[in-house]
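Descriptive analysis of the structure
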Amino acid sequence: MHDPCDVARLPDVRTPAAEVMTVRRAPLLFVVLLVLAVPWYWPADDRTLWFGVPAWVCVAVVVSAAASLLTALLMARPWPDEQDDDG
C-alpha cells in the first residue's frame, strides 16, 4: 500500500523539456534576484520607510527569502543527470 506522506517515492512528472528549462533558468533567476537584492538602484536620498525600516531593507529581505525558496525548490528535485538510489 502506498503511503501518501512518502513524497520521496512520488514519480517525477516533469518532462525532459521542463527539466532543461529548470536547469537553464535557475542561474538566470539567481542573477535577477542578486540584482534586486543589492540596493544599488535605490536613490541615496530616499527616506521611504516600510514597517519602520528603510524600504530597501524590506526589498532585500523579501528577495533573500525568494532566493532561499528557489534554492530549496531546486534542491528538493533531482537534476536531469542525477541517478536515483533505487535504480
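Refer to the structure above for everything that follows.
Residues numbered from 1 in each chain as written. Predicted model: local features only at pLDDT ≥ 70, side-chain atom pairs only at ≥ 80, totals over all residues. Heavy atoms only, no water.

**Some points on the overall build of the protein chain**
Let me state the cut-off plainly: Strands here are runs of E lasting at least two residues and helices are runs of H or I lasting at least four, both read from the DSSP assignment and numbered beginning at the N terminus. Categorising residues by exposure relies on relative accessible area from a 1.4 Å probe, with only protein chains included: less than 20% of the type maximum marks a residue as buried, more than 50% marks it as exposed, and the intermediate range marks it as partly exposed. What makes two residues a contact is simply this: any of their non-hydrogen atoms within 4.5 Å. The accessible surface values rely on the Shrake-Rupley method and a 1.4 Å probe; as for residues, cover is taken only from the protein chains in view.
Scanning the protein chain for helices and strands turns up two helices and two strands. Ordered by position from N to C terminus, the α and β elements of the protein chain give α-β-β-α. Counting all 87 residues of the protein chain, 14% fall into the buried class. A separation threshold of at least 6 residues defines the contact pool for the protein chain, and within that pool the share at least 24 residues apart is 56%. Only carbon and sulfur atoms are counted for the fraction: they give 68% of the accessible area of the protein chain, which is about 7,200 Å².

**Digging into the nonpolar core**
As a reminder, the rule being used: Think of a nonpolar core as a cluster: buried Ala, Val, Leu, Ile, Met, Phe, Trp, Tyr and Cys residues, connected wherever their side-chain atoms sit within 4.5 Å.
Ala 26, Leu 33, Val 59, Val 63, Ala 67, Leu 70 and Leu 74 together form the largest nonpolar core, which totals seven residues. If you list the elements that add at least two residues to this core, you get α1 (16-37) and α2 (55-76). Sorting elements by how many residues they give to this core places α2 first, with five residues. Apart from the residues within four sequence positions on either side, Leu 70 is in contact with Ala 26, Leu 29, Phe 30 and Leu 33.

**Description of unusual backbone geometry**
Excluding glycine, most residues fall at negative phi; most peptide bonds, likewise, are trans. Even without glycine at this site, Phe 51 takes up a positive phi of about 55°. Examined against the element boundaries, Phe 51 turns out to sit in the loop between β1 (49-50) and β2 (53-54).

**Here's the deal with α2**
Selection criterion: Residue count minus one, scaled by 1.5 Å, sets the expected span of a helix.
Counted at 1.5 Å a residue, the expected span for α2 with its 22 residues is 32 Å, and the 32 Å between its end C-alpha atoms agrees. All of the buried residues along α2 are Ala 55, Cys 58, Val 59, Ala 60, Val 63, Ala 67, Leu 70 and Leu 74.

**Brief notes about a nonpolar patch on the surface**
Short version of the rule: Patch building starts from residues that exceed 30% relative accessible area and form no salt bridge, then joins like charges within 9 Å and nonpolar side chains (Val, Leu, Ile, Met, Phe, Trp, Tyr) within 5 Å. Any Lys or Arg side-chain nitrogen located within 4 Å of an Asp or Glu carboxyl oxygen qualifies as a salt bridge.
Together, Leu 28, Val 31, Val 32, Val 35, Leu 36, Trp 40 and Tyr 41 line one region of the surface with nonpolar side chains, adding up to about 680 Å² of accessible area. Along the chain, the position of Leu 28 falls in helix α1.

**Side note on the environment of Ala 37**
With respect to the helices and strands, Ala 37 occurs in helix α1. When the C-alpha atoms of Ala 37 and Val 63 are compared, they prove to be 5.6 Å apart, with 26 residues separating the residues in sequence. Those residues in contact with Ala 37, other than ones at most four positions away along the chain, are Ala 60 and Val 63.

**Regarding the packing of aromatic side chains**
Put simply, the rule is: Pairing of aromatic side chains here covers Phe, Tyr and the six-membered ring of Trp, requires ring centres within 6.5 Å, and sorts the geometry by plane angle: under 30 degrees stacked, over 60 edge-to-face, intermediate tilted.
The tally for this structure, following the rule as stated, stands at two aromatic pairs. Both rings, one in Trp 42 and one in Trp 50, keep their centres 6.5 Å apart while their planes meet at 80°; by these two values the pair is edge-to-face. Using a relative accessible area of 23% as the deciding quantity, one classes Trp 42 as partly exposed. Note on Trp 50: relative accessible area 38%, which makes it partly exposed.

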